[in-house]
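# A structural walkthrough
This is what each chain is made of:
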Amino acid sequence: MKKLAISFLAFAIGISAWSQTLENPAATASLENGFVRIGEFNSTSRNNVGASAIYYPKGDKIVTGLHSSVSAEEFLGNLKPVNSKYNQIDYKLVSYGWKGSRGFHSLEVGARVNYGLSVPKEIFRILKTGTSQSPYDLSSLRAFGNVYGELAYGYALPLSDKFSIGGRVKLLVGLNSVDIVTRRFNLITTEEQYRLDLDADIDLTNRNKKIGTDDEGYLDYTSFSGKGKLGAPTGGGFAVDLGLVWKPFDGLSLSASALDLGGILWYYGNAGTSAGSYTFEGMKDLSADELDEEHLTARLKATGEEVLSVIKPKSVDGRFKAKGLPLTAQVVASYMLPFWERLSLDASGRYTGYSYCAPYWEARGGLSLDFPGLVYLGLSAGSGAYGFIYGVQGSVDFLSFRLYASYENGIGGTIPYEGTPLKANNKTLLIGLVYLIK
Amino acid sequence: MEYDISDGVDKEMTLFSDVVSIPIADIGPLSPKQFLGDVDLGSTLSGLFKVDDEGYFVVEKEETIYSNPVLLLHMGAADPTQPLDVGIDDFTGYPGVAAEGPAWLGFMPALQEFSLYVVNPLTEGMAVSGKLTLLSASEVFNKVPISAASDHFELFSEAFNGPSIIDVCSTENMVLHLPASFLEKDPLGGWSSIAMGYRYKAQLAFGKDLPMQIPIPVNDLDLPLGQFRVKDVLLSTDVVSEIPVTLVLESVDVMVKEDDGEGNVKTVVCDDVSVTPGLSIASGCSGAPVVSPLAIRIKAQEGTIPDIAGLQLNLSVKAPTGEGDKRLNMNQTIRFNKLRVTVSGGITVQGL
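Since the structure is predicted, the reported quantities are computational estimates derived from the model, not experimental observations.

### Observations regarding the overall build of chain B
Helix and strand content of chain B: four helices and 22 strands. Counting only C-alpha atoms and orienting by the principal axes, one finds that chain B spans roughly 125 × 45 × 30 Å. Here the analysis covers contacts within chain B between residues at least 6 apart in sequence; of these, 85% occur between residues at least 24 apart. For chain B, the exposed surface amounts to about 17,100 Å²; the carbon and sulfur share of it is 53%. When the 22 positive and 48 negative side-chain charges of chain B are each reduced to one mean point, those points stand 4 Å apart.

Next up, the structure:
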């Protein structure tokens, strides 16, 4: 029985790396002993265009895509309709898991930081080729950043020897958030008229500082109030992770999970809206007396101020906004090779949906080698939204501690000395330490 | 390493490499006074004609046919206590000579006004008889009463349309019928004068092409275009003109500064840059402006457009076309609406 239990544990752990075990809330159903995770750091960096879309080697120098030696076809062909960058850092402060009478319980405290930027290709098109392809839709322009804490309780229940389900409910505590979103940003450029239609929000939680307003009611970023102390949380939310594990027969395990089903209701104490239209048809009624540098400069300045009055955000009352979390769905299949139970054949697929840019997906296959109580090593490779991707996962046990780490990256190289990826890229780095209670 | 940016990135950028169009301004209204004030032609013309209170370009001539103090008339009368008839010598005048000078330059009369007037300083009315001949028509006056204290009593007044100049006017058998004891009726005791004269006024239009081109220098422009490496610039505008002349920009020379190698900088014509020649602005008239689309292309034949120090415009002024009131007026305006610039081939900058 004990041998069976150990084998089962080994099998369970051997499904995939330990980090993935903890990610799927159903995977802990088969654990016999508890654990204390002392900490886990997980960094994800995702960009759908690389530096090679911006920088171009020409002879003995590096030029930008806006250089005359780079054709419009080449430069714009290397960009995406929406060019996005997304970064996320998860830090699990502490986790505790324990075996209950039937299922497995877990408690987790952590924090997450995510930030992203998306820039429509149209902006680069205007800069590169000019204004002949009007109208331009720039409404996918977006920037955001969030910091929030998580307090999670998970429960995994084996329904049978072959089937387990699990769930995790997460209380989310919003700490800080900034969000710039454009609902409408149209630019029409003709010989006789430039027209701008803008409807955008800028929201910033006022946990630390309150942005002032100028005499005309616009947000004044040079004026702040507040003492800089840590204030109360500015948002609250709820999310759910769901998972299942199915072992149709010995040696094969299929698992599926859906993570971060939920969101946060933020209160943005600093809120502004830029809305309106501005049409520029040239300086009107320019008299002969005004045809000198001083007057022309003054008229141009006045025009600039009129444009700014549309672009600058006007302060509005603080408001609540619900923001969904990036939703991740994952499936994993693992098959313990019959000729050697230490070796497993793995396959996985992942999909992450974002509210501000195209989703990320990948599919991989790999091998994993597991010596329970000693070491685990997994290698995987596949393809995804950003091309080829590979991963290395591993863990090593010493005494009752398990140190685990994984690294995933694409190929395509980086900027020397800087590490900025040259191609579209998804890079993750994870490292964690857990104490296995025996 | 191909993408090694540790030594920096070349930040030269060529923006809008296909085409960029920018609306600039609506300029105006501009008036002929502003145009003529900056060129030599203004000072030349100011000696030939002037501007009346309504702003029309006019020539005027006033000539005295007869003038005699009341005292002298009294002393020559046989019986001053009786009414006196005073004969005026026949007179021939040339009112149109005032219009001949501008006509040589193409400024023809559009509306001519001629009036024959009498000055009666007496406190009692008098009368005038005689004959006026103007052009081919004659007007006979038979004791036409002239009211007392008339500064300029118009005995005859008529306006003529058309460019034919009223060249000659003549009076015959003009007689002044003065009342009895007329000296006592002079409030100045004989020192005021009884007079007769004519006034001529012609409002001018441009009747024929100006014989020479007008060079208009645009100095101190100092447009630093060289750094932007621009090759082709198109300036477009809709010219809305009330001015009843046809303006033709025969040619434009682009002026650049050149160092002669000895530290002396002079301004010379740039042969590498061409500007669209033969641009025409159609004539309009007051209250009925005419729109002329104008497109000026400035193009570098080789290389790019350099820093432009100034421009030399060579303008031809031609007679107006079409119907309508062709009188020139200082209040007529010209506007440059929807002035926009289109740059083809890109604008080069050193970083954004």
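### Observations concerning the pairing of strand β4 (residues 57-69) of chain B
All names here are of chain B. Inspection of the sheet shows strand β3 (residues 50-51) paired to β4 by two bridges, in the antiparallel sense. Residue pairing for β4: Lys50 is matched across the bridge by Val58. Linking β3 back to β4 in an antiparallel pair, the connection comprises five residues, with Gly55 at a positive phi of about 95 degrees. As paired strands, β4 and strand β12 (residues 193-206) are joined by eleven bridges and run antiparallel to one another. Counterpart to Ser67 in the pairing with β12 is Ala195.

### Some details on a negative patch on the surface
Among the surface-exposed residues, A:Asp215, A:Glu216, A:Glu305 and A:Glu306 lie close enough to one another that they form a single negatively charged patch. Mapped onto the elements, A:Glu216 comes out in the loop between β10 (210-213) and β11 (219-225).

### Points about the packing of aromatic side chains
Residues and elements named next belong to chain A. Inspection of every chain in the model, using the stated rule, returns 17 aromatic pairs over all chains. Ring geometry for Tyr96 versus Trp98: centroids 5.1 Å apart, planes at 20 degrees, classification stacked. According to the relative accessible area criterion, Tyr96 is partly exposed, its value standing at 37%. Among the residues examined, Trp98 registers a relative accessible area of 29% and is labelled partly exposed. Positioned above the aromatic ring of Tyr218 is the side chain of Lys312, whose terminal nitrogen or guanidinium carbon lies 4.6 Å from the ring centre. Sitting over the ring of Tyr218, Lys314 keeps its end group 4.8 Å from the ring centre.

### Considerations on helix α4 (residues 121-129) of chain A
Residue and element names in this part refer to chain A. A large share of α4 lies buried, amounting to seven of its nine residues. Looking only at α4, the buried set comprises Lys121, Glu122, Phe124, Arg125, Ile126, Lys128 and Thr129. Directly beyond the C-terminal end of α4, a positive phi value near 110 degrees is found at Gly130.

### Re the sheet that holds strand β15 (residues 283-286) of chain A
The six strands lie next to each other as β15(A)-β2(B)-β21(B)-β14(B)-β19(B)-β17(B), forming an open sheet whose pairing is mixed. Each edge of the sheet is formed by a strand with only one pairing partner; in this case those strands are β15 of chain A together with β17 (273-275) of chain B. Taken over all neighbouring pairs, the strand axes of this sheet differ in orientation by 15 degrees on average, direction set aside. Both β17(B) and strand β19 (residues 290-300) of chain B contribute to a ladder of three bridges, which runs antiparallel.

### Side note on the confidence of the model for chain A
In this model, chain A carries an average pLDDT of 88, and 93% of its residues clear a pLDDT of 70 or more. Low confidence marks residues 1-16 of chain A, where pLDDT is under 50. Its contacts with residues over four positions away, or in another chain, come to 24 contacts.

### Regarding the pairing of strand β22 (residues 387-398) of chain A
All names here are of chain A. Bridge count between strand β21 (residues 375-384) and β22: ten bridges; the pairing is antiparallel. Looking at the pairing, Leu377 lines up with Gly394 of β22. Linking β21 to β22, which pair antiparallel, is a turn of two residues.

### Side note on the environment of B:Met126
Residue and element names in this part refer to chain B. Position of Met126 relative to the elements: it lies in strand β8 (residues 126-134). Along the primary structure Met126 and Pro179 are separated by 53 residues, whereas in three dimensions their C-alpha atoms are 6.1 Å apart. Non-local contacts of Met126, meaning those with residues more than four positions away in its chain, are made with Val118, Asn120, Val144, Pro145, Ile146, Leu176, His177, Leu178, Pro179 and Ile194.

### Here we look at the interface of chain A and chain B
If you look at the interface, chain A gives 36 residues, while chain B gives 32 residues. Buried area between chain A and chain B, both sides added, is near 3,200 Å², and the carbon and sulfur share of it is 59%. Considering only the side of chain A, the residues that lose the most area to chain B are A:Ile62, A:Leu66 and A:Glu191, jointly responsible for 18% of the buried surface there. Residue B:Arg340 is joined to A:Glu191 by a salt bridge in which the shortest nitrogen-to-oxygen separation is 3.2 Å. If you look at where chain A meets chain B, you find 17 residue pairs in polar contact (both at pLDDT 80 or more). At the level of secondary structure, the elements contributing two or more residues to the side of chain A that touches chain B comprise β2 (55-58), β3 (61-64), α4 and β15 of chain A. In the side of chain A that touches chain B, the residues fall into 17 nonpolar, eleven polar and eight charged. For β15(A) and strand β2 (residues 19-30) of chain B, the ladder comprises two bridges, and the chain directions are parallel. If you follow A:Leu286 over to β2(B), its bridge partner there is B:Ile27.

Definitions and limits used
Residues numbered from 1 in each chain as written. Chains lettered and ligands numbered in written order. Predicted model: local features only at pLDDT ≥ 70, side-chain atom pairs only at ≥ 80, totals over all residues. Heavy atoms only, no water. Helix = DSSP H or I, 4+ residues; strand = E, 2+ residues; numbered from the N terminus. Contact = heavy atoms within 4.5 Å. Areas by Shrake-Rupley, 256 points an atom, 1.4 Å probe, with all protein chains shown as cover. Lys, Arg positive; Asp, Glu negative; His and termini not counted. Charge placed at Lys NZ, Arg CZ, Asp CG, Glu CD. Pairing = 2+ DSSP bridges. Patch = residues over 30% accessible without salt bridge, like charges linked within 9 Å, V, L, I, M, F, W, Y side chains within 5 Å. Salt bridge = Lys/Arg side-chain N within 4 Å of Asp/Glu carboxyl O. Phe/Tyr/Trp six-rings, centres within 6.5 Å; stacked < 30°, edge-to-face > 60°. Buried < 20%, exposed > 50% of the residue type's maximum accessible area, 1.4 Å probe, protein only. Lys NZ or Arg CZ within 6 Å of the ring centre and 35° of its normal. Axes fitted to C-alpha atoms, helices over the stretch in contact; angles between N-to-C directions. pLDDT = per-residue confidence, 0-100. Buried area = accessible area lost by both parts, 1.4 Å probe. Polar contact = N/O pair within 3.5 Å; in protein donor to acceptor, adjacent residues only side chain to side chain. Nonpolar A, V, L, I, M, F, W, Y, C, P; charged D, E, K, R; others polar.

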